[in-house]
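Residue-level listing of the chains:
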Amino acid sequence: MIYATGADYLDSARKRILLFGMSGLGKTHLSNMLRDTRATTGGWFHYSVDYRIGTRYMGEYIADNFKREAMKVPLLRELLMTDSVYIASNITFDNLAPLSTYLGKPGDPARGGLPFADYMLRQEQHRRAEVAAMLDTAHFMARAETIYGYQNFVCDTSGSICEVVEAENKDDPVMRQLSETLLLVWIKGSDDHTAELVRRFDRAPKPMYYQPEFLHAAWEEYRVTHDKTEETCDPDHFVRWTYARALAHRQPRYGAMADWGVTVTAEEVAAVATPQDFNALIARAIDRR
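**Student:** Would you take a moment to explain the side chain of Arg122 for this structure?
**Tutor:** Position of Arg122 relative to the elements: it lies in helix α7 (residues 116-135). The side chain of Arg122 sits in the buried core without any salt bridge; Asp118 is the nearest counter-charge, 6.0 Å away. Within the structure, Arg122 has its side chain in polar contact with the side chain of Asn65 (distance 3.5 Å).

Dropping the structure here:
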């Protein structure tokens, strides 16, 4: 780890943190809170991996998908063909809907589903984009300091980071680079947190990235147990059914990543109100490792 003790971390002029864990446990909340101190001495630069994925690496895919849909409308087709309108996504740190919409869900096209082959292609595009965005972290740390003067840096990762690395492999290139440049911090949820995330997802199911082997197995099992074909599968029901299984699948993968860094609980994160609280929490996590 880049900090040997909690005191080393607190005394460091350059605090470099990577937050990972299930979506909904506080990664972006903490990052936003730290970012809001940027105008003061010791401020933090917030690097959002999802934002980088959706703008730098998948922005063209997303915009082209919008254009394909617009070309089906005669008026918009005419305007596009004459360069009279401009179509682009408006992704922000807090609104990643264009990226989620592009990823889509497999199943019945009448209910917004994609052919499974197209869905898997978009999943693979996301995997490559996420790996590239993670490897960009060191570059953004340098930019944050040399251009903007921010020495403190927080990397707000995607919930699917554990799906694109092999943390058990000590030579994994993404894990090696990240662990050599930042302190990896797992925000670990309890069973109650998991149940709440499942309830929240059930109310508003959204597309997400899954490891291919897990996704193929889930797709086959779902169709067999629900007696569905690709064309009759309800896309929302499939992703609801898959989500709880995905959380269970991810837990040991997050745990393997935590061996490269430290762990804090979602309850501890919920009690953080200031950057000083955050730094004290990280110092305690280092010392109890």
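**Student:** I would appreciate a short explanation of a nonpolar patch on the surface in the present structure.
**Tutor:** On the surface, Val73, Leu75 and Leu76 cluster together into a nonpolar patch covering about 240 Å² of accessible area. Relative to the helices and strands, Leu76 resides in helix α5 (residues 74-81).

**Student:** Before we go on, may I ask you to explain the sheet that holds strand β2 (residues 44-48) in this structure?
**Tutor:** Strands belonging to one sheet form pairs held by backbone hydrogen bonds; the direction of such a pair is parallel or antiparallel. Strand order in the open sheet formed by 5 strands is β2-β3-β1-β4-β5, with parallel pairing between adjacent strands. Here the strands that pair on one side only, and so sit at the sheet edges, are β2 and β5 (262-265). When strand polarity is set aside, the average angle formed by the axes of neighbouring strands in this sheet is 25 degrees. Of the pairings in the sheet, the one linking β2 to strand β3 (residues 152-156) comprises 5 bridges and is parallel in character. Each bridged residue has a counterpart across the sheet, and for Ser48 the counterpart in β3 is Asp156.

**Student:** What should I look at first to understand unusual backbone geometry in this one?
**Tutor:** A negative phi angle characterises most non-glycine residues, just as the trans form characterises most peptide bonds. Of note, the phi angle at Asp83 is positive, near 55 degrees, even though the residue is not glycine. Under the relative-accessibility criterion, Asp83 is labelled exposed at 72%.

**Student:** Would you mind going over the pairing of β3 with me for this structure?
**Tutor:** Regular strands place side chains that alternate from one sheet face to the opposite one. In terms of burial, β3 is a largely internal element, 5 of the 5 residues being buried. Across 4 bridges, the pairing between strand β1 (residues 16-20) and β3 is parallel. Within the sheet, the bridge partner assigned to Ile17 lies in β3 and is Val154.

**Student:** Honestly, helix α4 (residues 59-70) in this entry has me stumped. Any pointers?
**Tutor:** Within an α-helix, residues lying three or four positions from one another point in the same direction, as the helix has 3.6 residues per turn. Taking 1.5 Å of rise per residue, the 12 residues of α4 would be expected to cover 16 Å, and the 17 Å separating its terminal C-alpha atoms lies within 8% of that figure. Looking at α4, one finds that the buried residues are Gly59, Ile62, Ala63, Asn65 and Ala70. In an axial view of α4, the angular spread of the buried residues amounts to 155 degrees, which keeps them on one side of the axis. Buried positions along α4 lie against α3 (49-57), α5, α6 (97-103) and α7.

**Student:** When you look at the nonpolar core in this model, what are you seeing that I'm missing?
**Tutor:** Soluble globular proteins tend to pack their nonpolar side chains together in the buried interior. Ranked by size, the top nonpolar core spans 83 residues in total, and within it Tyr9, Ile17, Phe20, Phe153 and Phe278 carry the most contacts. A total of 10 residues in this core trace back to one element, the largest contributor, which is helix α13 (residues 235-258). Those residues in contact with Tyr9, other than ones at most four positions away along the chain, are Tyr3, Lys15, Ile17, Trp44, Phe278, Asn279, Ile282, Ala283 and Ile286.

**Student:** Please explain the pattern of salt bridges as it appears in this structure.
**Tutor:** A side chain with one charge can pair with a side chain of the opposite charge if their charged atoms come near. Within the structure shown, the criterion is met by 18 salt bridges. Salt-bridge contacts for Glu163 lead to Arg253; the nearest nitrogen and oxygen are separated by 4.0 Å. Taken together, the residues Glu163 in helix α9 (residues 161-164) and Arg253 in helix α13 connect sequence positions 90 residues apart. The class of Glu163 is buried, set by a relative accessible area of 4%. When the shortest N-O distance is used, the salt bridge between Glu180 and Arg176 registers 3.4 Å. Remark: Arg176 and Glu180 occur in helix α10 (residues 173-181); sequence separation between them is 4 residues, near one turn of the helix.

So, how was this worked out
- Residues numbered from 1 in each chain as written.
- Predicted model: local features only at pLDDT ≥ 70, side-chain atom pairs only at ≥ 80, totals over all residues.
- Heavy atoms only, no water.
- Helix = DSSP H or I, 4+ residues; strand = E, 2+ residues; numbered from the N terminus.
- Buried < 20%, exposed > 50% of the residue type's maximum accessible area, 1.4 Å probe, protein only.
- Lys, Arg positive; Asp, Glu negative; His and termini not counted.
- Salt bridge = Lys/Arg side-chain N within 4 Å of Asp/Glu carboxyl O.
- Polar contact = N/O pair within 3.5 Å; in protein donor to acceptor, adjacent residues only side chain to side chain.
- Patch = residues over 30% accessible without salt bridge, like charges linked within 9 Å, V, L, I, M, F, W, Y side chains within 5 Å.
- Areas by Shrake-Rupley, 256 points an atom, 1.4 Å probe, with all protein chains shown as cover.
- Pairing = 2+ DSSP bridges.
- Axes fitted to C-alpha atoms, helices over the stretch in contact; angles between N-to-C directions.
- Expected span 1.5 Å × (residues − 1).
- Arc of directions from axis to C-beta.
- Contact = heavy atoms within 4.5 Å.
- Core = buried A, V, L, I, M, F, W, Y, C linked by side-chain atoms within 4.5 Å.

Nothing here speaks to function; it is geometry throughout.
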